[in-house]
Number of protein chains: 2
Amino acid sequence: MVATKKLDQRGRPRSFDMEEAVHKAVRLFHRRGYDAVGVAELGTELGIKPPSFYAAFGSKAGLFERAVEHYSTSDANVFGRAQASGGTVSEVIERMLLVAAEVYPEHDGVAGCLVLDGARNSADPEAKAIIASYKKASRTALRDFIASRYPTKAETLADLVVIALEGMSGSARDGASAAALKSFAEAIGRAFLREAKQG
Amino acid sequence: MVATKKLDQRGRPRSFDMEEAVHKAVRLFHRRGYDAVGVAELGTELGIKPPSFYAAFGSKAGLFERAVEHYSTSDANVFGRAQASGGTVSEVIERMLLVAAEVYPEHDGVAGCLVLDGARNSADPEAKAIIASYKKASRTALRDFIASRYPTKAETLADLVVIALEGMSGSARDGASAAALKSFAEAIGRAFLREAKQG
DNA sequence: TCACATATATAGCGATCACTACATAAATGC
DNA sequence: GCATTTATGTAGTGATCGCTATATATGTGA
């Protein structure tokens, strides 16, 4: 049973590019949130009509899940970006906050973090579950990273950072400037050091 | 023309209590956000049928405006509550953060701040405008209060507090515990003192 | 008593929601 | 050629959205 798996490409081929469609969906969901983006608009913006849309993604929530997954494995993942440059735990945290201060303000009509704010006030249980899953995973990764250096204060320090990022994302979506977010990020970075080393 | 204005109570009287209806609307909008609460649900929960609803409030956004106004003049206004007890600027700020840490976690299914999060991701321009107006007024009041003691750093310090409160409200809506919000509030209180007196 | 003013209940408006039934088009394997 | 497989376009599903037209009920002032 070492049969070579022929991925048979039978049937009519897709008339649109999946990756490009998901990328456009990321921008729409990120800009306005899950509920405010309708399937009709997604269809016209992505150039996909309803039957093809549902054949490809299953549902609106299915596309949202793909969009969130695409988003959180991109440069928008501020924790991943900050970790990539190495350094101490506090250096990475400070860098993450500064990266967020650069990324979160409005760019091309999009502001804040899709994971933190993309399903806020949503009435859809699926969308909320998808976001809750990603938030929990992110928080766990961040807490474990902090615990590698500050094991007894990891929870409190993780709360400090996560709540701060929530505030930065929400404020950015309300129009906060890059300068305001930067000074906030710097203050939280100093607070992190202070809370980590004292008390 | 000093005619005594007789507020004539002519016509059929209301069959519901306006204040009680607004209070119920506050809870619904606060719990789920503006868009996720429909007029049909408001009607059944408030015991008001459509024509009476529109005669009394004009529109869904009209009721929302009344709800936000009622909310922000209640005990939910953490800045007002913190100011009421007096003290120095930094004492009031620290107290406000601690009050928010008590008020924002879920109580009776409601979490966070209606003003900060009630119209998040809303597709309705009216609701967004109402919230934007209240946010701007709150921020201005907070900044002016801080400026009375720290005039050169008022903007930066106001950003610190406002973005922190945004984070606390958003996190509370995601299920953050009172303990987590309290430790965050304490850390931000220390950060406020530090940023105000140094640098 | 009766006009007037206001609020009510019944019923339904057009628009939009996420989603689908159905027939057809376009590729492959034999 | 021809069956099979997959994707497509046309058209429309029932449900819900915020809101309203119309007639009736219930109060006041004269």
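Note that this is a predicted model, so its numbers are computed, not measured.

Rules behind the numbers
- Residues numbered from 1 in each chain as written.
- Chains lettered and ligands numbered in written order.
- Predicted model: local features only at pLDDT ≥ 70, side-chain atom pairs only at ≥ 80, totals over all residues.
- Heavy atoms only, no water.
- Contact = heavy atoms within 4.5 Å.
- Buried area = accessible area lost by both parts, 1.4 Å probe.
- Salt bridge = Lys/Arg side-chain N within 4 Å of Asp/Glu carboxyl O.
- Near = heavy atom within 4 Å.
- Polar contact = N/O pair within 3.5 Å; in protein donor to acceptor, adjacent residues only side chain to side chain.
- Helix = DSSP H or I, 4+ residues; strand = E, 2+ residues; numbered from the N terminus.
- Nonpolar A, V, L, I, M, F, W, Y, C, P; charged D, E, K, R; others polar.
- Core = buried A, V, L, I, M, F, W, Y, C linked by side-chain atoms within 4.5 Å.
- Buried < 20%, exposed > 50% of the residue type's maximum accessible area, 1.4 Å probe, protein only.

S.K.: Whenever I open this one, the interface of chain B and chain A confuses me. Can you help?
M.R.: One frequently used descriptor of interface size is the decrease in accessible area upon assembly of the parts. Each partner contributes to the interface: chain B provides 32 residues, whereas chain A provides 32 residues. Taken together, the two surfaces of chain B and chain A that pack against each other cover about 2,500 Å², and 56% of this comes from carbon and sulfur. When the area that chain B buries against chain A is broken down by residue, the three leading residues are Arg120, Asn121 and Ile163 of chain B, summing to 27%. At the junction of chain B with chain A, the criterion picks out 6 salt bridges.

S.K.: Can you walk me through the protein's contact with DNA strand D in this structure?
M.R.: Taken together, the neighbourhood of DNA strand D is formed by 24 residues, with Arg10, Arg12, Ser15 and Ser52 of chain A together with Lys60 of chain B sitting nearest. Each atom of DNA strand D within 4 Å of the protein was classed as base or backbone; sugar and phosphate made up 67%. Ser52 of chain A has a polar side-chain atom sitting 2.7 Å from a phosphate oxygen of DNA strand D. Within the contact set of DNA strand D, a phosphate oxygen lies 2.8 Å away from a side-chain nitrogen or oxygen of Lys60 of chain B. Residue assignment for the surface near DNA strand D shows that the elements contributing at least two residues are helix 3 (50-57) of chain A together with helix 3 (50-57) of chain B. Residues belonging to the surface near DNA strand D are distributed by class as follows: 10 nonpolar, 7 polar and 7 charged.

S.K.: Got a minute to help me understand the nonpolar core in this structure?
M.R.: Here is a general trend for soluble globular proteins: nonpolar side chains tend to be buried in one another's company. Membership of the largest hydrophobic core comes to 132 residues, with the highest contact counts inside it found for Tyr104 and Met168 of chain A together with Met168 of chain B. With 11 residues, helix 9 (residues 154-173) of chain A is the largest single contributor of residues to this core. Excluding residues within four positions of it along the chain, Tyr104 of chain A makes contact with Val78, Ala111, Gly112, Cys113, Leu116, Leu165, Met168, Ser169, Ala172 and Leu181 of chain A.

S.K.: How should I be thinking about the side chain of Ser122 of chain B in this particular structure?
M.R.: All names here are of chain B. Inspection of the secondary structure puts Ser122 in the loop between helix 7 (114-117) and helix 8 (125-147). Its relative accessible area of 7% is what places Ser122 among the buried residues. Residues in contact with Ser122, not counting those within four places in the same chain, are Tyr34, Asp35, Ala127 and Lys128.

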